[in-house]
Amino acid sequence: MSQPLIELRAITKTYGQGQAAFQALRGVDLQIEAGEFVAVMGPSGSGKSTVMNLLGCLDTPGSGEYLFQGIHVEQLDRNQRALLRRQCLGFVFQGFNLLARTSAQENVELPLLYRGEPAEVRHAAALAALAKVGLAEWAHHTPAELSGGQQQRVAIARAIVTNPLVLLADEPTGNLDSQRSHEIMELLVRLNQEQGITVLMVTHEPDMARYARRIVHFVDGLVHRDERNPEAAPCC
Amino acid sequence: MLLNALLLALREIRRNLLRSFLTVLGIVIGVAAVITMVTLGNGATRMVADQIASLGSNLLMVMPGQRLGPGRDSAGAPKFKIADIEAIEQQVNGLKAVAPVVGSAVTLVAGTQNWSSTVSGTTNDYFVVGNWRLAAGRLFSEDEDRAGKAVCIIGNTVKKELFGNQSPLGSSIRVKTFDCEVIGLLAAKGQGGMGQDQDDTVLMPLRTAQRRLTGTLDIGNVMVSLKDGTNSTVAMAQLRSLLRERRKLADNVDDNFNVMDTKQIAETLSGTIGTMTALLGAVAAVSLLVGGIGIMNIMLVSVTERTREIGIRLAIGALEHEVLLQFLIEAVALSAFGGLVGIALAFVACLGLSALMRMPFLFNPGINLTAFFFSAAIGVIFGFVPARRAARLDPIEALRHE
């Protein structure tokens, strides 16, 4: 497979209009191979979250090309993009974004429900995903009954329950203390290594970025530096 | 997909019990208030209309004496005689029936019971004029009329006071100095338009009352009912000129009798009913509006939370129409449920209140449907439209919604 999993070509994105317009991305080129663990770093306003949202099809680019397995994503309509999210992508957000008053298991089952999986398959897959993140015992608790670290692990379980090609994490440790942060990062590394899930993570904490094997630095809407991280332990 | 959406919708309703309850409550109150108001209004209107109908339609009351009021004297006015009745019957056009009435307040005794009531001596025409029907027994025979026999027909109240639950037919009542055989029982009419008990009455042949109660050939007043389509103004004018002529009144002398038209009273009351109905309609419209605003508020208050929820669903792969279907089902289910509960509540309230106020309970399908669909439409629109707006956002905007 000479073709990269993800390829961005001269992507731009502008927020607002006229005088107030702010160009968040100014022609980003980026290639990501299957199986990589990439950390995206950069100061506030550098465009790192914007690029993550574009990669996740949560937002649409102003111009440029976005190829996912050779498919021109920028030409897809809303429903096709939703289907791409459904089939290939998993999300982890800084704010967890779990459904309130809904048990961990039901939160994790939700993506499978939209895929139309039957109930037995959903239950089994959700429990398996929760076991992978170490929350098998907590399946029936609602987010309000879980700690921040646990909520984020439920969110990760929800993201991986569909066996996605790519896991997109936007500041997954931003709301957690350092010990929980390291636990989350170790979980992501394990998923990357054991399941071969491609992980893309936005962070501004160098400590967290160290877990990644490749670190992309964004400055002012452009890729500033793209480096291998020899420190990243092949761990475990 | 429909099943999934149904499952998700019901799950959301169950999970957000307070919100669901408030939405349903808004619709229940709105629907129940409007239906109860209009149904009770209809009942009251019907009650008043029934009372007017029980007066007899197109009825003229002719009484001796000048128009009542300050400085008027009715004491010296001559009474009517039976000849006046015959003249009216023959010379005024468009009459259905003419009933002379001799009234007298008496104490009635039957067995050990006694009761004060009013006796009216009259003819069988009285039943036509007063819209009376018999519950049991028979009218006066020609023979009884002519001979002035001691027979009587009693109203429901008199029967209850003197005979309780037993049939009064064939029993006799002591009226002043003579015994009177009960030959008929009037069908109950209930309260009159002025609040008097119309069933507290005893009827006997005119001649019987004249001979045995008043001792004169005078007739107290005359009740005249007009045929349908008769112009009451014309009939009144004819009646008036006939009586003036028979009483030999000069042109410059006031009437020494008085003609009243119950149709005029009825028209006045009908106007009042019209006003009442319009007022009720306005109150109902306001209740619907207030109920609608209540529903709208609850729906809109939860928009922020729901917008984020929609963002999450879209992010993890839900299609726009899947999310919308779920929200639509949710809104429809809550609104329909609230509407049905409202209708049931209104039904119970109307039954109870009509019984309490002694009014007829008229089920009005129109207002039930109107209230149900109006509230349901508001529930669905305000539950669905904000959701549709949110589902059309890019997922990231929905997620960021504050």
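Basis of the calculations
- Residues numbered from 1 in each chain as written.
- Chains lettered and ligands numbered in written order.
- Predicted model: local features only at pLDDT ≥ 70, side-chain atom pairs only at ≥ 80, totals over all residues.
- Heavy atoms only, no water.
- Helix = DSSP H or I, 4+ residues; strand = E, 2+ residues; numbered from the N terminus.
- Rg over C-alpha atoms; globule rule 2.2 N^0.38 Å.
- Buried < 20%, exposed > 50% of the residue type's maximum accessible area, 1.4 Å probe, protein only.
- Areas by Shrake-Rupley, 256 points an atom, 1.4 Å probe, with all protein chains shown as cover.
- Contact = heavy atoms within 4.5 Å.
- Lys, Arg positive; Asp, Glu negative; His and termini not counted.
- Charge placed at Lys NZ, Arg CZ, Asp CG, Glu CD.
- Pairing = 2+ DSSP bridges.
- pLDDT = per-residue confidence, 0-100.
- Axes fitted to C-alpha atoms, helices over the stretch in contact; angles between N-to-C directions.
- Buried area = accessible area lost by both parts, 1.4 Å probe.
- Salt bridge = Lys/Arg side-chain N within 4 Å of Asp/Glu carboxyl O.
- Parallel < 35°, antiparallel > 145°, perpendicular 65-115°, else oblique.
- Left-handed = near helix turned anticlockwise from the far one by under 90°.
- Nonpolar A, V, L, I, M, F, W, Y, C, P; charged D, E, K, R; others polar.
- Domains from an automatic or database assignment.
- Disulfide = S-S within 2.5 Å.

## Considering the overall build of chain A
Scanning chain A from terminus to terminus reveals 7 helices and 10 strands. A compact globule built from 236 residues would reach a C-alpha radius of gyration of about 18 Å, and chain A, at 18 Å, matches this within 12%. In terms of overall dimensions, chain A has a C-alpha envelope of 50 × 40 × 40 Å along the principal axes. Per-residue burial over chain A gives 52% buried out of 236 residues. Accessible surface for chain A amounts to roughly 10,000 Å². Of this, 49% is attributable to carbon and sulfur atoms.

## Some points on the overall build of chain B
In terms of helices and strands, chain B carries 13 helices and 10 strands. Expected size for 402 residues packed as a compact globule is a radius of gyration near 21 Å; at 33 Å, chain B overshoots this value by more than 25%. Each principal axis of the C-alpha distribution contributes one length, and for chain B these read about 100 × 55 × 35 Å. Relative to its full complement of 402 residues, chain B shows a buried share of 47%. Considering only residue pairs separated by 6 or more positions, chain B has 77% of its internal contacts joining residues 24 or more positions apart. Accessible surface for chain B amounts to roughly 19,400 Å². Of this, 60% is attributable to carbon and sulfur atoms. Within chain B, the 33 negative side-chain charges are centred at a point lying 2 Å from the centre of the 37 positive side-chain charges.

## Digging into the sheet that holds strand β2 (residues 22-32) of chain A
Pairing in this open sheet of 4 strands is antiparallel, and the strands run β2-β1-β4-β5 (chain A) from one edge to the other. A single partner strand is all that each edge strand has here, and the edge strands are β2 and β5 (71-72) of chain A.

## A closer look at the pairing of strand β3 (residues 113-122) of chain B
The side chains of a regular strand alternate between the sheet's two faces. All names here are of chain B. With 9 bridges connecting them, strand β2 (residues 95-110) and β3 associate as antiparallel partners. Across the sheet, G103 pairs through a bridge with S120, a residue of β3. Hairpin connection of β2 to β3: 2 residues between the antiparallel strands, including G111 at a positive phi of 60°. Strand direction decides the pairing type here: β3 and strand β8 (residues 201-205), joined by 5 bridges, are parallel. Paired with T118 across the bridge in β8 is T201.

## A closer look at the confidence of the model for chain B
Per-residue pLDDT for chain B has a mean of 85; in total, 94% of the residues score no lower than 70. Per-residue pLDDT, averaged within each element of chain B, yields its smallest value for helix α9 (residues 262-301) of chain B (77) and its largest for strand β5 (residues 151-154) of chain B (94).

## Looking at the sheet that holds strand β9 (residues 214-219) of chain A
Residue and element names in this part refer to chain A. Reading across the sheet, the 6 strands line up as β6-β7-β8-β3-β9-β10 and stay open at both edges, with mixed pairing between neighbours. Looking along the sheet, the strands with just one partner apiece sit at the ends: β6 (89-92) and β10 (222-228). Recorded for the sheet is a direction-independent mean angle of 20° between the axes of neighbouring strands. Judged from the 4 bridges that link them, strand β3 (residues 37-41) and β9 form a sheet pairing that is parallel.

## Brief notes about the interface of chain B and chain A
Listed as interface residues are 29 residues of chain B and, on the opposing side, 27 residues of chain A. Of the roughly 2,600 Å² buried at the junction of chain B and chain A (both faces included), carbon and sulfur atoms supply 49%. The largest contributions to the chain B side of the interface with chain A come from R15, I312 and I316 of chain B, which together make up 24% of the buried area. Between the two partners, chain B and chain A, sit 4 salt bridges. When the shortest N-O distance is used, the salt bridge between E106 of chain A and R11 of chain B registers 3.5 Å. For the side of chain B that touches chain A, the elements supplying multiple residues, two or more each, are α1 (2-15), α10 (303-315), α11 (320-356), α12 (365-392) and α13 (395-400) of chain B. Sort the elements by how many residues they give to the side of chain B that touches chain A and α10 of chain B lands first, with 7 residues.

## Topic: the packing of α11 of chain B against α12 of chain B
Packed helices, taken two at a time, are described by their axes: the angle between them and the distance between them. Residue and element names in this part refer to chain B. The geometry of α11 relative to α12 is characterised by a closest axis approach of 8 Å and an angle of 155° between their N-to-C directions. By the angle between their directions, the pair α11 and α12 is classed as roughly antiparallel. Classified by chirality, the crossing of α12 by α11 is right-handed. Within the contact between the two elements, α11 uses E320, L324, F327, L328, A331, V332, S335, A336, G339, L340 and I343 and α12 uses N368, F372, A376, G379, V380, G383, F384, A387, R388, A391 and R392. Classifying every residue of the contact of α11 with α12 by side-chain character gives 14 nonpolar, 5 polar and 3 charged.

## Focus on the pattern of salt bridges
Evaluation of the coordinates by the stated rule reveals 30 salt bridges over all chains. For R9 of chain A, the salt bridge is made with E65 of chain A, and the minimal N-O distance between the two is 2.9 Å. Here the residue R9 of chain A occupies a position in strand β1 (residues 6-15), and E65 of chain A occupies one in strand β4 (residues 63-68), the gap between them amounting to 56 residues. The exposure class of R9 of chain A is partly exposed, given its relative accessible area of 34%. When the shortest N-O distance is used, the salt bridge between E142 of chain B and R146 of chain B registers 3.9 Å. Of the two residues, E142 of chain B and R146 of chain B both sit in helix α5 (residues 142-147), 4 residues apart, roughly one turn of that helix. The residues E142 of chain B and R146 of chain B share a single accessibility class, namely exposed.

## A closer look at the domain arrangement of chain B
Its domain assignment divides chain B into domain 1 (2-52 + 268-400) and domain 2 (79-246). Just the C-alpha atoms count here: the centres of domain 1 of chain B and domain 2 of chain B sit 55 Å apart.

## Regarding the state of the cysteines
Taken as a whole and assessed by the stated rule, the structure comprises 0 disulfides over all chains. Counting only cysteine sulfurs, C180 of chain B is the nearest neighbor of C152 of chain B, a cysteine outside any disulfide, at a range of 3.5 Å.

## Regarding the packing of α1 of chain B against α11 of chain B
Residue and element names in this part refer to chain B. In contact at an axis separation of 8 Å, α1 and α11 are set at 55° when each is read in the N-to-C sense. Taken together, α1 and α11 sit at an angle that is classed as oblique. Where α1 crosses over α11, the handedness of that crossing is right-handed. Across the interface between the two elements, L2, A5, L6, L8, A9, E12 and I13 of α1 pack against L325, Q326, I329, E330, A333 and L334 of α11.

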